[in-house]
Amino acid sequence: SDYFSSITGLEELLHTEEYLTKELRSKVNGIRTLLEQLEGELSSIEKEHTMAAGDTENYLTNPVNVYRLMKRLHTDWFLMEGRVQLMAEEMNFNATREYGLSFPSQEDVEGAALALVRLQSTYKLDVAQVAAGILNGVKYGSDMSWQDCFELGQQLFEMEDYNNTKVWLRESMERLRRHSSHAHTHSTPTSGPDAVTLNKMEATAKSLFQMGDFDTAYELSQRVLQFDPKRIRNWHLGDKGTTHQEEIDDVYLPKHSDTYNLSQEFAQYEKVCRGEVNPVPRKELRCRYSRGHHPYRLLAPLKLEEHSLDPYVVTFHDMLSGRKISQLREMAVPRMRRSTVNPLPGGQHKKSSFRVSKNAWLEYESHATMVGMLRDLKDATGLDTTFCEQLQVANYGVGGHYEPHWDFFRDPSHYPAEEGNRIATAIFYLSDVEQGGATAFPFLDIAVKPEMGNVLFWYNLHRSLDMDYRTKHAGCPVLKGSKWIGNVWIHEVTQTFARPCDVFRDHEVSLEYEIIK
Ligand SMILES: O=C(O)CCC(=O)C(=O)O
Ligand SMILES: [Fe+2]
């Protein structure tokens with residue numbers, strides 16, 4: 001399971017499908033050959049038999065015919081029987097569990113549905129466009145059928161996401177309406193919903209009705225009636241007369257939605273993800289060459305892009321070659337696991353829809369490339385890299401994201417006292433991302449687009465080592481493509497000379513951002 005959280009798992013699923021397709025294709029071809037043989041033999045017997053039946057006496061007085069009749073019934077029909085049996089055996093196709101192939105779980109399907117609606121809401125995508133395979137005006141994939149949309153609507157309904165249920169069911173019904181009127185004008189037989197689907201449609205309409213979503217319920221029931229006018233008898237009258245207990249039990253009522261996702265802060269985060277940031281130019285910010293903290297950088301200066309000076313957030317361009325990036329990703333792939341988020345004290349590390357990605361932890365000493373990364377970081381920032389966690393390589397698939405959070409730990413029991421808190425974060429971008437997937441700082445109005453080889457760096461702590469709450473940040477949902485990053489977390493102890501503190505504590509400025517929504 002967890003296929004949906006990154007691209008590496010999805011490739012496996014594609015492999016499954018390729019295998020199954022080939023398997024079934026060869027089966028279908030085999031059966032067709034057998035069927036053609038059978039067809040040939042049967043029609044020659046039919047021909048012979050018609051001849052015999054047409055003039056029985058004449059036929060049966062011919063010794064050759066008599067012999068052939070005998071032979072047919074003694075041998076040929078049993079050969080036929082064998083052929084049919086063979087075909088029946090061939091017909092057996094139980095591929096879905098047989099070959100140790102990978103299949104998505106219910107959780108995966110839900111994750112994929114969730115990803116789709118997340119993208120839709122974060123990037124304000126039009127459902128009709130998404131269903132048509134268009135993302136922000138670029139046509140990528142093929143259309144979704146009305147059944148696809150309906151199933152997604154059902155899925156969302158089960159997940160109790162009623163707002164999205166509504167839009168997808170409506171899109172589905174709209175597509176069904178167009179589909180059937182199109183089929184009609186071309187005088188091809190209308191492939192409407194089958195009885196099972198109609199049942200589902202009816203049940204869904206009923207639940208929506210009882211939940212008070214009359215418009216969608218109406219739209220659904222109109223389609224049901226179009227294909228089977230006998231259905232939907234009197235439930236639209238409020239089901240007087242059939243108020244059995246079970247009828248009431250199967251009504252779904254909305255749960256309270258997650259309040260964070262409804263907060264101002266979340267809305268601001270989504271805005272930053274969409275790139276709707278404040279257009280006021282920040283004159284103090286520059287793109288410039290930097291010598292960093294090592295004489296070598298006089299010859300090979302760093303390309304520094306400032307995003308913010310306080311808190312300090314910058315990009316170092318072109319810090320890692322494509323070849324090294326491939327090495328890193330190759331090392332990480334076999335170790336990738338679904339990402340977890342830090343638990344509340346005493347809790348377990350949990351998978352969460354808050355963070356959908358896979359990651360692997362790699363030891364810096366295990367490869368020269370990683371040792372080099374730390375050295376370059378040290379040269380660029382002046383920070384001491386004695387206390388770093390292992391390198392965390394993460395991959396987000398489509399819809400993958402990491403909601404706003406802080407990298408520092410608020411609870412000192414979550415880091416070793418001798419290392420201190422996470423003073424700084426460096427994100428090595430190990431891929432480009434076609435659309436979406438920015439690293440966003442909602443309080444700072446900054447969205448950094450991943451560019452392969454760049455390093456995004458910031459301080460999580462004030463000089464006073466107090467937590468800088470303005471550094472809340474997130475990985476925006478990946479809309480198109482796959483996002484790879486390498487996270488380096490540098491801890492505070494041993495940085496006394498690299499980043500000395502001030503005479504006064506400087507943390508007041510960020511306190512107003514402390515509130516957790
Ligand atoms: O994916 C991103 O851009 C941010 C990742 C991040 O914040 C983290 O892993 O802590
Ligand atoms: Fe982070």
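Before going into details, it helps to say that this report is about the structure given with it. (Residues numbered from 1 in each chain as written. Chains lettered and ligands numbered in written order. Predicted model: local features only at pLDDT ≥ 70, side-chain atom pairs only at ≥ 80, totals over all residues. Heavy atoms only, no water.)

Regarding the pattern of salt bridges
No. 1: For the coordinates displayed, the defined rule picks out 25 salt bridges.
No. 2: Measuring nitrogen to oxygen at the nearest pair gives 2.9 Å for the salt bridge that ties D143 to K139.
No. 3: Looking at D143, the relative accessible area reads 43%, which means it is partly exposed.
No. 4: Exposure remark for K139: the relative accessible area of 48% places this residue in the partly exposed category.
No. 5: With a closest N to O distance of 3.7 Å, K480 and E434 form a salt bridge. With K480 in strand β17 (residues 478-480) and E434 in the loop between β11 (422-429) and β12 (435-436), the pair connects residues that are 46 residues apart, well separated along the chain.
No. 6: Salt bridges sharing partners connect three or more residues here, namely K139, D143, E171 and R175. (Salt bridge = Lys/Arg side-chain N within 4 Å of Asp/Glu carboxyl O. Buried < 20%, exposed > 50% of the residue type's maximum accessible area, 1.4 Å probe, protein only. Helix = DSSP H or I, 4+ residues; strand = E, 2+ residues; numbered from the N terminus.)

A look at the coordination of the iron ion (ligand 2)
No. 1: Bound to the iron ion (ligand 2) on the protein side are H405 (NE2), D407 (OD) and H473 (NE2), at distances that span 2.0 to 2.1 Å.
No. 2: Sequence positions of the donors to the iron ion (ligand 2) reduce to the motif H-x1-D-x65-H. Pair noted here: H405 is in strand β10 (residues 401-405) and H473 is in strand β16 (residues 473-475), with a separation of 68 residues, a long-range link. (Donors = N, O, S within 2.8 Å, 3.2 Å for Na, K, Ca; no water.)

Considering the site of ligand 1
No. 1: As a matter of local geometry, ligand 1 sits amid 13 residues, with Y396, T439, H473, K483 and N487 nearest to it.
No. 2: One of the side-chain nitrogen or oxygen atoms of H405 is found 3.1 Å away from an oxygen atom of ligand 1.
No. 3: Burial of ligand 1 by the surrounding chains reaches 99%, relative to a free accessible area of 290 Å².
No. 4: Taken atom by atom, the bulk of ligand 1 overlaps the largest cavity.
No. 5: Of all the secondary-structure elements, those providing two or more residues to the shell around ligand 1 are β10, β16 and β18 (483-491).
No. 6: At four residues, β18 tops the list of elements feeding residues into the shell around ligand 1.
No. 7: Looking at side-chain class alone, the shell around ligand 1 contains five nonpolar, five polar and three charged residues. (Near = heavy atom within 4 Å. Polar contact = N/O pair within 3.5 Å; in protein donor to acceptor, adjacent residues only side chain to side chain. Areas by Shrake-Rupley, 256 points an atom, 1.4 Å probe, with all protein chains shown as cover. 1 Å grid on protein atoms, 1.4 Å probe; cavity = no way out; pocket = protein on both sides within 12 Å on 5 of 7 lines; lining within 4 Å. Sits in = over half its atoms within 2 Å of the grid points. Nonpolar A, V, L, I, M, F, W, Y, C, P; charged D, E, K, R; others polar.)

Interpretation in functional terms is not warranted from these geometric data alone.
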